[in-house]
Amino acid sequence: MKQVQDHYFHKAKKAGYPARSVYKLEEAQQKFKLLKAGDRVLDLGCQPGSWSLYAARVIGPRGLVVGVDLNPGPIQVRGGAPFHFVLGDITKETVQTRVRSICPLYDAIVSDMAPRTTGNRWADQQHSLRLARTVLEIAETLLRPGGNFYCKVFEGEDFKELVEEARLRFAKARVFKPKSSRSESREVFLLGQGFQG
Ligand SMILES: C[S@@+](CC[C@H](N)C(=O)[O-])C[C@H]1O[C@@H](n2cnc3c(N)ncnc32)[C@H](O)[C@@H]1O
């Protein structure tokens, strides 16, 4: 992953987070209050661990964070809620079953997953859209009614349809571009609040 060493990068290091991406979740939390004390949070694409660490701190010791990633690299989530790591590809049924066996229903599902970019803008965007759609499908079985959803996606063709799909499933659905997300990046976040079950 390309590292941008800007203000957010230095701020994250100082606060003990391994990646600047933590501010993309923090901004949403401050604005929309996605997570609350005691929540069970599923963090998809959790490496190197900034979102999981942040979520664990917000939800506190009565909560639970389950993080999933393809990458087995070291991950340290200390303090706050207990953390479980699941190694694997979340698009695979076996990995989803493992996640369900740890906790049958989650209060929030967050995803910062990004496909490995190929340099082909259109193909990368389509891959990101497919991944986001899979996360929306996973929410159907793993998110409790009333739960919240926050998922990265590259904006482009067919994006509007994805937002419409989210609108059918959540009491409120919107697109959010955090300030910490670089303006030249096509990434935005699809936010759903109040899953209709
Ligand atoms: C931008 S990083 C996440 C950064 C993380 N939110 C943080 O703040 O530390 C995206 C991650 O998504 C993971 N990923 C991509 N596709 C995945 C998949 N199908 N299943 C699980 N993890 C995936 C990648 O391995 C990568 O570690």
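What counts, and where the lines are drawn
Residues numbered from 1 in each chain as written. Predicted model: local features only at pLDDT ≥ 70, side-chain atom pairs only at ≥ 80, totals over all residues. Heavy atoms only, no water. Near = heavy atom within 4 Å. Polar contact = N/O pair within 3.5 Å; in protein donor to acceptor, adjacent residues only side chain to side chain. Areas by Shrake-Rupley, 256 points an atom, 1.4 Å probe, with all protein chains shown as cover. Helix = DSSP H or I, 4+ residues; strand = E, 2+ residues; numbered from the N terminus. Phe/Tyr/Trp six-rings, centres within 6.5 Å; stacked < 30°, edge-to-face > 60°. Buried < 20%, exposed > 50% of the residue type's maximum accessible area, 1.4 Å probe, protein only.

Engineer: Could you give me a rundown of the site of the ligand, with the residues and numbers involved?
Structural biologist: Within the structure, the ligand sits among 18 residues, and Ser21, Ser50, Asp69, Asp89 and Asp112 are positioned closest to it. Residue isoleucine 90 places a main-chain N or O atom 3.1 Å away from a nitrogen atom belonging to the ligand. Out of a free accessible area of 610 Å², the ligand has 90% covered by protein chains.

Engineer: Lay out the environment of valine 77 with the relevant residues and their values.
Structural biologist: Here valine 77 shows up in the loop between β2 (64-69) and β3 (83-87). Counting along the chain gives 26 residues from valine 77 to tryptophan 51, while the straight-line C-alpha distance between them is 9.6 Å.

Engineer: Describe the packing of aromatic side chains, listing the residues and the values that go with them.
Structural biologist: Any aromatic ring pair is given by two values, namely how distant the centres are and how the planes are angled relative to each other. Per the stated rule, a full pass over the model turns up seven aromatic pairs. The interplanar angle of 40° and the centroid separation of 5.7 Å between the aromatic rings of tyrosine 8 and tyrosine 23 together place this pair among those described as tilted. With a gap of 15 residues between them, tyrosine 8 in helix α1 (residues 7-14) and tyrosine 23 in helix α2 (residues 22-32) connect regions that are remote in the sequence. Taking 5.8 Å as the distance between ring centres and 25° as the angle between the ring planes, the aromatic pair formed by tryptophan 51 and tyrosine 150 counts as stacked. Residue tryptophan 51 is found in helix α3 (residues 50-59), and its partner tyrosine 150 is found in strand β5 (residues 143-154); the two are separated by 99 residues along the sequence. Each member of the pair tryptophan 51 and tyrosine 150 is classed as buried. Among the aromatic residues, those joined into a cluster by ring pairs are Trp51, Tyr150 and Phe189.

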